[in-house]
Amino acid sequence: MPTDATPEATIDQGSEAGSGGRRAALIINPIKATTIDVEGAVRRISAEDGWDEPLVIETTEDDPGHGQARQALDAGADLVIAAGGDGTVRCVAEELAGSGTMMALVPLGTGNLLARNLDIAVDDPDAAVEAAFRGTERSIDVVHVTVDRAQDAHVFLVMAGLGYDAAIMSDTRDDLKDKVGWLAYVDAGIRNLPGRPARTTISVDGGKPFERRLRSVMGGNCGKIMGGLEIFPGARIDDGRMDLMTVAPKGKLGWLAVAGKLFVKGKGSSKDPSLEYFQCRTAEVTSREPLEVQLDGDPLGKARHMAFEVKPDSLRLRMPLGYKDPAVVSEPLP
Ligand SMILES: [Mg+2]
């Protein structure tokens, strides 16, 4: 495991809270409905704790978080608070990972996969704002993903996939998502059930490539997805490893078998290859035909190649104080 010298450096700064000169940036998705005034709460706690006036920047359809996060870094923000859904969190994290600057989450909207995995309250934005300033710190892994050998890597925090899972994300109706939350994915899931398996080649940790005919291949940085379903049992967000899962239902009842396995959280003791798991630091997947790609639920269009690489401990997170959460191996930093 890499050392985490950077977090300690900033904790020292943190212990001087109240001395002024520190500044938070709030990056907020204005279309997410919330009952509390997030900006007001950030301004209030900034003032109470002796921080400078916060920088407040809204995301837009054209720039869902990257430009705003870079702006916050350029402005020298000590803490960047991402208030929004999974898309906002992912885009902000993409810029902050590796920067040493601390990030915090204020979950708004329906998904909030990272927050759920870390047991950050998703229904109490007020508490989340307070934790952003006064909570404890952790470093978590992020996973870099390169799609179709593009020059720029993306980042995901919870899970990414190629195939059926991504087809669901790209086909999920936004109007339904607003009405019924994660059940909207079930609707898209059922509509996308029929389909042919794709012929893929997979290599794990640079090892010998193997072939699989599958519907979906997913990388996980932590375990839980929509509805609290734990699809990567025992996955940890700071163990320097990602979990790769292949989904290859056989025949008409194959999906039932897959669902059964997922719901009983059995990584599968049987020889049934409909679900396979690999733990690794890097992975590469090539498909003969283009398949839909998703990162933390954001559809990215179709691609034939995906390369994954874990970047251990590269994102510093401010978390609520208290108990040890299930997605994390290490104790909170002091
Ligand atoms: Mg892990």
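All values derive from a computational prediction rather than experimental measurement.

**Topic: the layout of surface pockets**
Any space left empty among the atoms is revealed by the rolling of a water-sized probe across them. Taken as a whole, the largest pocket spans an internal volume of roughly 920 Å³. If you trace the largest pocket, you find 32 residues lining it, with Asn29, Lys32, Gly87, Lys177 and Asp298 closest to the centre. Every element with two or more residues in the lining of the largest pocket is listed here: helix 4 (86-96), helix 7 (164-171), helix 8 (174-180) and strand 14 (298-319). Take the lining of the largest pocket: its biggest share by element is five residues, from helix 4. By residue class, the composition of the lining of the largest pocket is 10 nonpolar, 13 polar and nine charged.

**Topic: the pairing of strand 2 (residues 55-58)**
Across the two faces of strand 2 the burial differs, with Leu55 and Ile57 buried and Val56 and Glu58 not buried at all. As defined by bridge partners, strand 1 (residues 24-28) adjoins strand 2 across four bridges and the pair is classed as parallel. The residue of strand 2 that forms the bridge with Ile27 is Ile57.

**Details of the packing of helix 2 (residues 38-48) against helix 6 (residues 125-134)**
Where helix 2 meets helix 6, the axes come as close as 10 Å, and the angle between the chain directions of the two elements is 35°. Taken as a pair, helix 2 and helix 6 cross one another with a handedness that is right-handed. For the pair helix 2 and helix 6, the contacting residues are Val38, Ala41, Val42, Arg44, Ile45, Ser46 and Glu48 in the first and Asp126, Val129, Glu130, Phe133 and Arg134 in the second. Considered class by class, the residues forming the contact of helix 2 with helix 6 number six nonpolar, one polar and five charged.

**Things to note about helix 9 (residues 183-191)**
Along helix 9, the residues that are buried comprise Ala184, Tyr185, Ala188 and Gly189. Down the axis, helix 9 shows its buried residues gathered within 145° of arc, on one side only.

**Let's talk about unusual backbone geometry**
Of note, the phi angle at Asp148 is positive, near 50°, even though the residue is not glycine. In this structure, Asp148 sits in the loop between strand 5 (136-147) and strand 6 (154-156). Here Asp313, not a glycine, exhibits a phi torsion of approximately 50°, which is positive. On the basis of relative accessibility, which here comes to 17%, the residue Asp313 falls in the buried class.

**Digging into the packing of aromatic side chains**
Under the criterion given, the structure shown has three aromatic pairs. With a centroid separation of 6.2 Å and an interplanar angle of 90°, the aromatic rings of Phe156 and Phe308 are classed as edge-to-face. With Phe156 in strand 6 and Phe308 in strand 14, this residue pair connects regions lying 152 residues apart in the sequence. The same class applies to Phe156 and to Phe308, which are both buried.

**A word on the coordination of the magnesium ion**
In the first shell of the magnesium ion, the protein supplies Arg236 (O), Asp239 (OD) and Arg241 (O), at 2.1 to 2.3 Å from the metal. Each donor residue of the magnesium ion belongs to the same chain, with the gaps between them written as R-x2-D-x1-R. For Arg236, a relative accessible area of 28% gives the class partly exposed. A residue is classified by how much of its surface remains accessible, and Arg241, at 33% relative accessible area, is partly exposed.

**Things to note about the nonpolar core**
Membership of the largest hydrophobic core comes to 52 residues, with the highest contact counts inside it found for Met103, Leu114, Leu118, Leu157, Met245 and Leu315. Element by element, the count of residues in this core is highest for helix 4, at four residues. Domain assignment of the residues forming this core places at least three in each of domain 1 (5-134) and domain 2 (144-312). With 25 residues, the next largest nonpolar core counts Val147, Met242, Cys280 and Leu291 among its residues.

**Remarks on the confidence of the model for the protein**
Parts of the prediction with low pLDDT should not have their coordinates interpreted in detail. Per-chain confidence: the protein averages 85 in pLDDT, with 85% of residues scoring 70 or above. Within the model, the stretch residues 1-19 combines pLDDT values under 50 with 22 contacts to residues more than four positions away or in other chains.

**Some thoughts on a positive patch on the surface**
A cluster of like positive charges, contributed by Arg199, Arg213, Lys250 and Arg288, occupies part of the molecular surface. Residue position: Arg213 is located in strand 9 (residues 210-214).

**Some points on the environment of Val38**
Following the sequence through the fold, Val38 ends up in helix 2. Using a relative accessible area of 3% as the deciding quantity, one classes Val38 as buried. In this structure, the C-alpha to C-alpha distance between Val38 and Val129, residues 91 residues apart in sequence, is 7.4 Å. The contact partners of Val38, leaving out residues within four places of it in the chain, are Leu26, Ile28, Ala83, Val106, Leu108 and Val129.

**Section: the pairing of strand 7 (residues 159-163)**
With five of five residues buried, strand 7 lies mostly within the body of the structure. By the bridge criterion, three bridges tie strand 7 to strand 13 (residues 282-295) in an arrangement that is antiparallel. Its bridge partner being in strand 13, Leu162 is matched across the sheet by Val293.

Parameters at a glance
Residue numbering note: each chain is counted from 1, following its sequence as written. Predicted model: local features are reported for residues with pLDDT of at least 70 only, side-chain atom pairs are reported and counted for 80 or more only, and whole-chain, interface and lining totals are derived from all residues. Note that the side-chain values use all heavy atoms of the structure and ignore hydrogens as well as water. Both site types are read off a 1 Å grid over the protein atoms alone. A 1.4 Å probe that fits but cannot get out defines a cavity, while an open set with protein on both sides within 12 Å along at least five of seven lines defines a pocket; lining residues have an atom within 4 Å of a point. Grid points are joined across faces, edges and corners, and a volume is the space filled by probe spheres set on the points. The helix and strand labels rest on DSSP assignments: H or I over at least four residues marks a helix, E over at least two residues marks a strand, and numbering proceeds from the N terminus. Side-chain classes are defined by residue name, with Ala, Val, Leu, Ile, Met, Phe, Trp, Tyr, Cys and Pro counting as nonpolar, Asp, Glu, Lys and Arg as charged, and the others, Gly among them, as polar. Buried means the residue's accessible area, taken with a 1.4 Å probe over protein chains only, is under 20% of the maximum for its type, while exposed means over 50%, and partly exposed covers the values in between. A pair of strands is treated as paired once DSSP finds two or more bridges between them. Axes here refer to lines fitted to C-alpha atoms; in helices the fit is confined to the stretch in contact. Angles between the N-to-C directions go from 0 to 180 degrees. Left-handed describes a crossing whose near helix is turned anticlockwise from the far helix by less than a right angle; the clockwise case is right-handed. Contact definition: two residues touch when any of their heavy atoms are within 4.5 Å. By construction, the arc corresponds to the directions joining the helix axis to the C-beta atoms. Each aromatic pair joins two rings of Phe, Tyr and Trp (for Trp, the six-membered one) with centres within 6.5 Å, and gets the label stacked for planes under 30 degrees apart, edge-to-face for over 60, and tilted for any other angle. Each metal's donors are the N, O and S atoms found within 2.8 Å of it, except that Na, K and Ca use a 3.2 Å limit; water is left out, so coordination can look incomplete. Residues belong to a common nonpolar core when they are buried Ala, Val, Leu, Ile, Met, Phe, Trp, Tyr or Cys residues joined through side-chain atoms within 4.5 Å. Annotation comment: domain bounds sourced from an automatic or database domain assignment. Residue-level confidence of the predictor is summarised by pLDDT, bounded by 0 at the bottom and 100 at the top. The patch calculation keeps residues exceeding 30% relative accessible area without a salt bridge and links them within 9 Å when they carry like charges or within 5 Å when they are nonpolar (Val, Leu, Ile, Met, Phe, Trp, Tyr). In short, Shrake-Rupley with a 1.4 Å probe defines the accessible areas, and a residue's cover is counted only from the protein chains shown. Only one rule defines a salt bridge in this text: a Lys or Arg side-chain nitrogen within 4 Å of an Asp or Glu carboxyl oxygen. When charges are counted, Lys and Arg contribute as positive and Asp and Glu as negative, whereas His and the chain ends are disregarded. In plain terms, the charge of a residue is placed at NZ if it is Lys, CZ if Arg, CG if Asp and CD if Glu.

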